Amino acid sequence: MCRCLKVSPSGYYDWEGRPASARAVDNERLLERIREVHSDSQGAIGAPRMHEDLTDEGETASKNRIARLMAAEGLQGWPRKKNRGQRGKPGLPPPGVENRLERDFVALEPETKWVTDITEIKTFEGKLFLCVVLDLFSKLVIGWSMHHRQDRQMVIRAVEMAIWQRQGDYSVILHSDRGSQFRSGDYQKFLKGNNLICSMSAVGHCGDNATCEGFFGMLKRERVNRKKYRTLDIARAAYLIRLNVFTIRG
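So, here is what we can say about the structure in this document.

Along the protein chain, the regular secondary structure elements total ten helices and five strands. Counting only residues that meet the buried cut, the protein chain has 41% of its 250 residues in that class. The long-range share in the protein chain, meaning contacts at least 24 apart out of those at least 6 apart in sequence, stands at 65%. Accessible surface for the protein chain amounts to roughly 14800 Å². Of this, 52% is attributable to carbon and sulfur atoms.

This part covers the pattern of salt bridges. Opposite charge on two side chains permits them to pair, given that their charged atoms come into close proximity. This model, assessed by the stated rule, comprises 15 salt bridges. A salt bridge links R103 to D208; the nearest nitrogen and oxygen atoms lie 2.6 Å apart. Note that R103 is positioned in the loop between α5 (63–73) and β1 (113–123) and D208 in the loop between β5 (196–200) and α9 (210–222), a separation of 105 residues in sequence. With its nearest N and O atoms 3.9 Å apart, the salt bridge here joins R149 to D151. When salt bridges that share partners are traced, they join D26, R29, E59 and R65 into one network.

A surface patch of nonpolar side chains, amounting to about 340 Å² of accessible area, comprises M1, L5 and V7. Looking at the element boundaries, V7 is found in the loop between α1 (2–5) and α2 (9–17). Residue classification places V7 among the partly exposed residues on the basis of a relative accessible area of 37%.

Here we take up the nonpolar core. With 24 residues, the main nonpolar core has I121, L130, V132, L134, V141, F215 and L243 as its most contacted residues. Of all elements in the fold, only β1, β2 (126–135), β3 (140–147), α9 and α10 (232–249) reach the threshold of two or more residues within this core. Per element, the largest residue contribution to this core is five residues, and it comes from α9. Look past the residues within four positions of V132 in its chain and what remains in contact with it is V115, T116, D117, V141, G143, W144, C212, F215, F216 and L243. The next biggest cluster of nonpolar side chains, apart from the first, holds 23 residues, and it includes V97, C131, V133 and L196.

Calculation rules
- Residues numbered from 1 in each chain as written.
- Predicted model: local features only at pLDDT ≥ 70, side-chain atom pairs only at ≥ 80, totals over all residues.
- Heavy atoms only, no water.
- Helix = DSSP H or I, 4+ residues; strand = E, 2+ residues; numbered from the N terminus.
- Buried < 20%, exposed > 50% of the residue type's maximum accessible area, 1.4 Å probe, protein only.
- Contact = heavy atoms within 4.5 Å.
- Areas by Shrake-Rupley, 256 points an atom, 1.4 Å probe, with all protein chains shown as cover.
- Salt bridge = Lys/Arg side-chain N within 4 Å of Asp/Glu carboxyl O.
- Patch = residues over 30% accessible without salt bridge, like charges linked within 9 Å, V, L, I, M, F, W, Y side chains within 5 Å.
- Core = buried A, V, L, I, M, F, W, Y, C linked by side-chain atoms within 4.5 Å.

As structure tokens, then:
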């Protein structure tokens, strides 16, 4: 083999006995952790999310390095589904309600800007709806509720949970789309009674609530699009565990 490749035998044995470089050793250590995280997510997360999780653990590896290691190992995440477009037309916002965020999703302090939205989880018993409230400062889930009907009470319960965790009583902007639940009189009255300023997206502009859209996109890649739950209770239990993780770590 050395003769065919025009390599001296002494050079080959020197290479074979040479210890691995510090970089190679660190790559192997990092790859082992990547395998563990990827397995824990049931193969759901790709390089960008892997980089975020490892950075939270204190790793300093770049996103490109992690992507190269995952590609060499054949590890990849679940792709997001193509957007099928918005169904129906949202109604007009209540009087005096406007888009107060204007796609400015940066919050310099906690409890100044919240966003909320609803998504659906399919089960063999029917649909389970999930409403979450995120704080734009920490990107943590500070409130959620689940129900088999996406009514205004489900939304109010999610906001109630966020209010219970609020440290102060100063006003907070709460942004949503123009769903009927958010435009309802009970919801609007509840916000005013708890010093929450209602903000709503423009018509047909899902980017106006991009943080919630991104959160649900990640959640669906990791859970919704990968499994069909047998009952509503099983789905509810599975998502409660996952939401607790997002509440703690974001």
